[in-house]
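# Reading the structure
The chain contents come next:
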Amino acid sequence: DQPLFDPSSLAAARQRSTIDFDDGDGKYHLRPLRSTDFARGHLDLLSQLTVTGDVDRKTYADTFAAMKANAGTYYIIVVEDTHRDRIVASGSLVLEKKFIHSCGQRGRIEDIVVDSDCRGKRFGKIVVQHLIALACILKCYKISLECKDSNVNWYSSMGFVSEHGNSNYMQIRF
Ligand code: 16G
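Attention here is on the structure that accompanies the text.

Definitions and limits used
- Residues numbered from 1 in each chain as written.
- Predicted model: local features only at pLDDT ≥ 70, side-chain atom pairs only at ≥ 80, totals over all residues.
- Buried ≥ 20, exposed ≤ 12 C-beta atoms within 10 Å, placed from the backbone.
- Helix = DSSP H or I, 4+ residues; strand = E, 2+ residues; numbered from the N terminus.
- Pairing = 2+ DSSP bridges.
- Axes fitted to C-alpha atoms, helices over the stretch in contact; angles between N-to-C directions.
- Parallel < 35°, antiparallel > 145°, perpendicular 65-115°, else oblique.
- Contact = placed C-beta atoms within 7 Å.
- Nonpolar A, V, L, I, M, F, W, Y, C, P; charged D, E, K, R; others polar.
- Near = placed C-beta within 6 Å.
- Core = buried A, V, L, I, M, F, W, Y, C linked by C-beta atoms within 7 Å.

## Digging into the pairing of strand β2 (residues 74–81)
A large share of β2 lies buried, amounting to eight of its eight residues. In β2, alternate side chains face the same way, and those of Tyr74, Ile76, Val78 and Glu80 on one face and Tyr75, Ile77, Val79 and Asp81 on the other are all buried. By the bridge criterion, five bridges tie strand β1 (residues 28–32) to β2 in an arrangement that is antiparallel. Residue pairing for β2: Arg31 is matched across the bridge by Val78.

Here it is, written out as structure tokens:
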């Protein structure tokens, strides 16, 4: 059982994040994805966002290992409900190296999903705000995302701005 990335960078992001995480007296943990999260229903949660396909434990573990081997690229954070041993929120930050912007890097925010049973706890905002703080710490010059029409206002409320005349393509420049 290993974390996808060094938890200390998430701890640093937590200090910068402007939103307070109510952990329900220790019931909820905000942490990097772990290789054992297959058993905690990570894919079931992702299936609330889109098709996941029929992925078995080994394929999940191989994909996790491939992500982890690309150090400094994949940052997936989750909220675990420790009472139910389930993942109830998840979001990804993926970094891409560039020659432009002084050999900088950009980030992409992907696969933001909150369990439909856990709405109203602000877990979505907490995950996204921590990914924004993480991108800042990791020195991204910008982060971007694509989202449904119905989520444009929600992402605007966290500082994302539509660009190129496409309201569903949104970014934050640091
Ligand atoms: C949304 C997600 C994107 C995800 C896609 C899946 C965010 C900000 N956007 O656009 O990351 O990959 O849905 O839909 O979470 P698809 O199966 O049609 O690609």
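## Some thoughts on the packing of helix α1 (residues 7–16) against helix α5 (residues 123–137)
At a minimum axis separation of 8 Å, α1 and α5 run at an interaxial angle of 110°. It follows that α1 is roughly perpendicular to α5 by the angle criterion. Between α1 and α5, the residues in contact are Ser9, Leu10, Ala12, Ala13, Arg14 and Arg16 and His130, Ala133, Leu134, Cys136 and Ile137, respectively. Partitioned by chemical class, the residues of the contact of α1 with α5 number seven nonpolar, two polar and two charged.

## Focus on the site of the ligand
Every residue lining the ligand is accounted for by Leu49, Thr50, Ile109, Glu110, Asp111, Ile112, Leu145, Glu146 and Cys147. When contributions to the shell around the ligand are tallied by element, the ones reaching two or more residues are β4 (105–114) and β5 (140–146). Looking at which element gives the most residues to the shell around the ligand, the answer is β4, with four residues. In the shell around the ligand, the residues fall into five nonpolar, one polar and three charged.

## So, the nonpolar core
Formed by 38 residues in total, the largest nonpolar core has its most connected members in Ile77, Ala89, Val127, Leu131 and Leu134. No other element matches α5, which puts nine residues into this core. Ignoring sequence-local partners within four residues, the contact set of Leu134 consists of Ser9, Leu10, Ala13, Tyr75 and Leu93.

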